[in-house]
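Spelled out from the first residue to the last, the chains are:
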Amino acid sequence: MIHFLALSGSLCKSSYNTAVLQAMATLAPDGIAIQIGSIAELPLFNPDLEDQPIPALELLRSQLQQADGLIIASPEYAHGVSGPLKNALDWLVSGTEFPYKPVMLVNTSPRASHALASLREIITTMSGQIVEPACITVPLLGSGLDAHGIVENQAIAEVLVDAVKTFGEVCRER
Ligand SMILES: Cc1cc2nc3c(=O)[nH]c(=O)nc-3n(C[C@H](O)[C@H](O)[C@H](O)COP(=O)(O)O)c2cc1C
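Quick notes on the rules
Residues numbered from 1 in each chain as written. Predicted model: local features only at pLDDT ≥ 70, side-chain atom pairs only at ≥ 80, totals over all residues. Heavy atoms only, no water. Helix = DSSP H or I, 4+ residues; strand = E, 2+ residues; numbered from the N terminus. Polar contact = N/O pair within 3.5 Å; in protein donor to acceptor, adjacent residues only side chain to side chain. Contact = heavy atoms within 4.5 Å. Buried < 20%, exposed > 50% of the residue type's maximum accessible area, 1.4 Å probe, protein only. Right-handed = clockwise from strand over helix to strand, strands pointing away. Pairing = 2+ DSSP bridges. Salt bridge = Lys/Arg side-chain N within 4 Å of Asp/Glu carboxyl O. UniProt positions renumbered as here; feature names shortened; annotations may be inferred. Near = heavy atom within 4 Å. Areas by Shrake-Rupley, 256 points an atom, 1.4 Å probe, with all protein chains shown as cover. Nonpolar A, V, L, I, M, F, W, Y, C, P; charged D, E, K, R; others polar.

A.B. asks: Even after reading the chapter, I still don't get the side chain of Asn107, so can you show me in this structure?
C.D. replies: Take Asn107: it is sitting in strand β6 (residues 102–107). From its side chain, Asn107 meets the backbone oxygen of Ser109 in a polar contact 3.0 Å long. Ignoring sequence-local partners within four residues, the contact set of Asn107 consists of Ala112, Leu116, Ile136, Thr137 and Val138.

A.B. asks: Looking at this model, I keep getting lost on the pairing of strand β1 (residues 2–8). Mind explaining?
C.D. replies: Burial analysis of β1 places six of its seven residues in the buried class, which makes it a mostly covered element. With respect to chirality, the unit in which β1 leads through helix α1 (residues 16–27) into the neighbouring parallel strand β2 (residues 32–36) is right-handed. Relative to strand β3 (residues 69–73), β1 runs parallel, the two being bridged by five bridges. In the strand pairing of β3, Phe4 is matched with Gly69.

A.B. asks: Please clarify how the pattern of salt bridges should be interpreted in this entry.
C.D. replies: Here the structure, examined in full by the defined rule, presents three salt bridges. Ionic pairing is found between Asp90 and Lys86, a salt bridge with its closest N-O pair at 2.7 Å. Linking Asp90 with Lys86, this pair stays in helix α3 (residues 83–92), spanning four residues, or about one helical turn. We classify Asp90 as partly exposed; its relative accessible area is 23%. Relative accessible area serves as the criterion here: at 31%, Lys86 is assigned to the partly exposed category.

A.B. asks: Would you explain the side chain of Ser8 in this entry?
C.D. replies: Secondary-structure assignment places Ser8 in strand β1. Of the polar contacts made by the side chain of Ser8, one reaches the backbone nitrogen of Ser10; its length is 3.1 Å. Only 2.8 Å separates the side chain of Ser8 from the side chain of Thr18, close enough to count as a polar contact. Leave out the neighbours within four places in its chain, and Ser8 touches Ser15, Asn17, Thr18, Leu21, Ile39 and Ala73.

A.B. asks: Hey, could you run me through the UniProt feature "domain: NADPH-dependent FMN reductase-like" (unreviewed entry) in the chain in this one?
C.D. replies: Mapped onto the present numbering, the UniProt feature "domain: NADPH-dependent FMN reductase-like" (unreviewed entry) falls at residues 4–132. Between the C-alpha atoms that bound residues 4–132 there is a distance of 16 Å. The span itself is 36% helix and 21% strand.

A.B. asks: What is the right way to look at the site of the ligand in this model?
C.D. replies: Every one of the 13 residues lining the ligand counts as a neighbour, but Ser10, Ser15, Asn17, Glu76 and His79 are closest to it. Within the backbone of Tyr16, a nitrogen or oxygen atom sits 2.9 Å from an oxygen atom of the ligand. Separating a nitrogen atom of the ligand from a backbone N or O atom of Ala78 is a distance of 2.9 Å. Relative to its free-state accessible area of 630 Å², the ligand is covered by the protein chains to the extent of 66%. Those elements giving two or more residues to the shell around the ligand turn out to be α1 and β4 (76–77). Grouping the amino acids of the shell around the ligand by side-chain chemistry returns seven nonpolar, four polar and two charged.

A.B. asks: Even after reading the chapter, I still don't get unusual backbone geometry, so can you show me in this structure?
C.D. replies: Most peptide bonds take the trans configuration, and most residues that are not glycine carry a negative phi. Backbone geometry at Tyr100 places phi at a positive 70 degrees, although glycine is not the residue there. By the secondary structure assignment, Tyr100 is in the loop between α3 and β6. Despite not being glycine, Ser127 shows a phi value in the positive range, around 65 degrees. Tracing the backbone through its elements, the reader meets Ser127 in the loop between α4 (113–125) and β7 (129–130).

Rendered as structure tokens:
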């Protein structure tokens, strides 16, 4: 069994990025399980706090440690990566869990190229291994689809399943 941790860069209840990850968890083929993690409870990154117990960070680190791969879906805000996601990644910079972890990127808006490029740079700098054949852009912005609607949309669901399978195959071979 392959286990993936999925993180959404959006804290919004009606988030397309969270919805696509929920849909992927539902659609995951046999042999692959996707767990949606949370970055909402992390405090703002402060190196002075790194030696203190932070339950949300400990949970995230342990989920990431146990995961065979990390799936990230993040909105673009003002041409940048979302603040909550950058905050979570900053917390993970000094840990041992992130380096060499396979990473799949899901972009829910074809026009959001700046954040994606920036995310690639951040992940590469943190020694994450972006699995390019598994990275996808799905045009959800403005679609009005929630997780259920995405699962029911055959064309989008197929793209998601194929990408998750590809990510699973790459992670299995490692
Ligand atoms: C403050 C703010 C800034 C945004 N800046 C951009 C941007 O620079 N480029 C872009 O393509 N979309 C931008 N958007 C649109 C969001 O990326 C889009 O609404 C996205 O779906 C939000 O993610 P979510 O649905 O997962 O919450 C912005 C939205 C907000 C609220």
